[in-house]
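Fold and geometry: a report
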Amino acid sequence: MAWVGFVSGLSVKARGVEVERCARRRREFICLAESGGQAAPAFQRTEDTFQQDAGKDLFFPGLHEEKAIELIGTGSTDLEDPSERYIAAERLKFYPSQASTDALLKCVNDKSSSELYDRIARRKSIESLGHFNGEFSRDEVIETLVSSLQSSDPYEAEVAVWALSKLEAKTPDVIAAVDAILDRDDVTKRVVIQSLAQMDSKKSVDKIRGYLDDEDLATRCAAIGAVYSLSGNDDVMEGVFDVLRSSDLNQRRAAIEDITRAKYLPALDRVIETANSLVLKSRAVREMVGAENQREDLEWNEDLAKKLDVLIWDNPRSINLLGSVADTSKARSVERCVNRLYNNDALQSYLGAKVLLEDHRDNEEAGAQVLDRFNSMEYFDYFAAYHVFKALGWLSYKPSESLLLDNFRTLPPRFFNHKAGACLSLCKIGSKSALDDFLKIGKETNIWELKYACLIAAERLGDDRVRREFVDDSDWLIRSRARTELGFEHLTL
């Protein structure tokens, strides 16, 4: 491919200029922001990390609340670009206020236009109201959302279901209205089933059972999780494991999401080995073992600690690749493996990393190709960057130290998986210069995955300061792991 070796083919001076230009573009793309070093609270859920940090500084940063309210109050036919109205509705989710709520309600209740852009604006307004969690005009918001359940626009009805579950609206009338949506043929059943489970609608169990064998695996998976949550019958959960073994990334993602919602602890091992993103898997695992507090029926022991170590270490050889192999010399070539790192299906990314680890470890040329490909990118490829950072560690590619250290230090919280990957790869290449950063970032962050990675990295490099710091950590899981005498020698290549 033309881009392979592009950077490495330049002169030394030109290469340095090109690498710096691309790095600058990537920084502009992700709008890097320093954390400020404030003391971290005890624990922050993954969804809270993204809600707090993602999007506001990435998309339309100049669109402030007052301008968004003005745009959403203007008919799409009166705007130079009709998409501005629904963009404004989306943007307002970052400005929870009475004024924003009033503007969003007005948009939802204005049914005068059936134009596509206005329908999308109503959907986006409902979504933003859901993000406000009923903080403003709660009764009026709920009334409006229930009314939207009757919309002829199936997408508006679906997002209204989701928003009502976000508001934890659980009155009998609301539950009955959501339950009735299951009788519609034009809506996606998955979100309805999940919402009924979240509303603890035990009266809906029999109706939901009708979807346990649904042809759509995502809907089937939601039904399985809902029946388990509402009835306590775990016999149905075996079906979720079948979906976890699906060759389809989105179906595996759906299974993990429903396991997360059900907090189904027996699925722990299966989730850890599933070929999906660390973000999804770590969120599921944390809900299974206990978020703010350790779940009462869970015993903390070395066996559990080892499983969590494996999750965060994230060696591709510990991932179930569902029989996928690279069984020819061409399939196992460095170029093919590097390409796989950029595949949006995590199974292919893990396969690429696995072959690099098995066939090309300590291969300077392989490490250079991985680094050069990343350095030639003018944007930050969210999915690939994590696997690139990890691959540089598996290859023990020392020249990547500055890249890894820079990203570990500067990426904002929503990229915590990338920061964790960079941290562990710094450990793998033996970066003693990163030890103070492991301690500093580990102390400052409230993201448990990143704390855990700092603990592993520091200790594997012979520094016990992070463990000593975490012995009295406010997060029960981090505190428990620091107090467990088990080291991290069991984490192998």
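Rules and cut-offs
- The numbering scheme is per chain: residues are counted from 1 as the chain's sequence reads.
- Selection of residues for local features in this predicted model requires a pLDDT of at least 70, selection of side-chain atom pairs for listing and counting requires 80 or more, and totals for whole chains, interfaces and linings are taken over all residues.
- Processing note: side-chain calculations cover all non-hydrogen atoms of the structure and skip hydrogens and water entirely.
- Put simply, DSSP marks the helices as runs of H or I at least four residues long and the strands as runs of E at least two long, and each gets a number from the N terminus on.
- Note on classification: 1.4 Å probe, protein chains only; a residue is buried when its accessible area is under 20% of the maximum for its type, exposed when over 50%, partly exposed between these limits.
- Whenever a nitrogen or oxygen atom comes within 3.5 Å of another N or O atom, the pair is scored as a polar contact, on the condition that within protein one atom can donate a hydrogen and the other can accept it, and that pairs from neighbouring residues in sequence are kept only if both atoms are in side chains.
- Criterion for a salt bridge: a side-chain nitrogen of Lys or Arg within 4 Å of a carboxyl oxygen of Asp or Glu.
- Buried Ala, Val, Leu, Ile, Met, Phe, Trp, Tyr and Cys residues that are joined via side-chain atoms within 4.5 Å together make up what is termed a nonpolar core.
- We call two residues in contact whenever any of their non-hydrogen atoms come within 4.5 Å of each other.
- Think of each axis as a best-fit line through the C-alpha atoms, taken over the contacting stretch in the case of a helix, with angles from 0 to 180 degrees between the N-to-C directions.
- Reported orientations rely on four angle classes, namely roughly parallel under 35 degrees, roughly antiparallel over 145, roughly perpendicular from 65 to 115, and oblique for the rest.
- Note on convention: near helix rotated counterclockwise from far helix by under a right angle means a left-handed crossing. Clockwise means right-handed.
- Charged residues are taken to be Asp, Glu, Lys and Arg, nonpolar residues to be Ala, Val, Leu, Ile, Met, Phe, Trp, Tyr, Cys and Pro, and polar residues to be all remaining types, Gly included.

A positive phi angle, near 55 degrees, is found at Glu168, a position not held by glycine. Mapping Glu168 onto the fold places it in the loop between helix H8 (154-166) and helix H9 (172-181). Despite not being glycine, Ser396 has its phi angle at roughly 50 degrees, a positive value. Relative to the helices and strands, Ser396 resides in the loop between helix H21 (382-394) and helix H22 (401-410).

In this section: the side chain of Thr445. Within the secondary structure, Thr445 is located in the loop between helix H24 (435-444) and helix H25 (448-460). The exposure class assigned to Thr445 is buried, which follows from its relative accessible area of 10%. Reaching out from Thr445, the side chain makes a polar contact with the backbone nitrogen of Ile447 at a distance of 3.0 Å.

For the coordinates displayed, the defined rule picks out 36 salt bridges. Asp463 is the salt-bridge partner of Arg465, the closest N and O atoms lying 2.8 Å from each other. Taking the relative accessible area as the measure of exposure, Asp463 reaches 11% and is therefore buried. In this structure, a network of salt bridges that share partners links the residues Arg317, Arg332, Lys354, Glu358 and Asp359.

Among the nonpolar cores identified, the biggest contains 160 residues, and Phe389, Phe408 and Phe438 are the most heavily contacted of them. For Phe389, the residues in contact, after removing those within four places along its chain, are Phe374, Phe380, Leu403, Leu404, Asn407, Leu411, His418, Gly421, Ala422 and Ser425.

One can find Leu405 in helix H22. Distance from Leu405 to Cys423, taken between C-alpha atoms, is 7.6 Å for residues 18 residues apart in sequence.

Relative to each other, helix H3 (residues 65-72) and helix H4 (residues 83-91) sit at 135 degrees, their axes nearing to 8 Å. Classified by the angle between their axes, H3 and H4 sit oblique to one another. Where H3 crosses over H4, the two elements pack in a sense that is left-handed. Here Ala68, Leu71 and Ile72 of H3 lie close against H4, whose contacting residues are Glu84, Arg85, Ala88 and Ala89. Of the residues contributing to the contact of H3 with H4, the split by class is five nonpolar, no polar and two charged.

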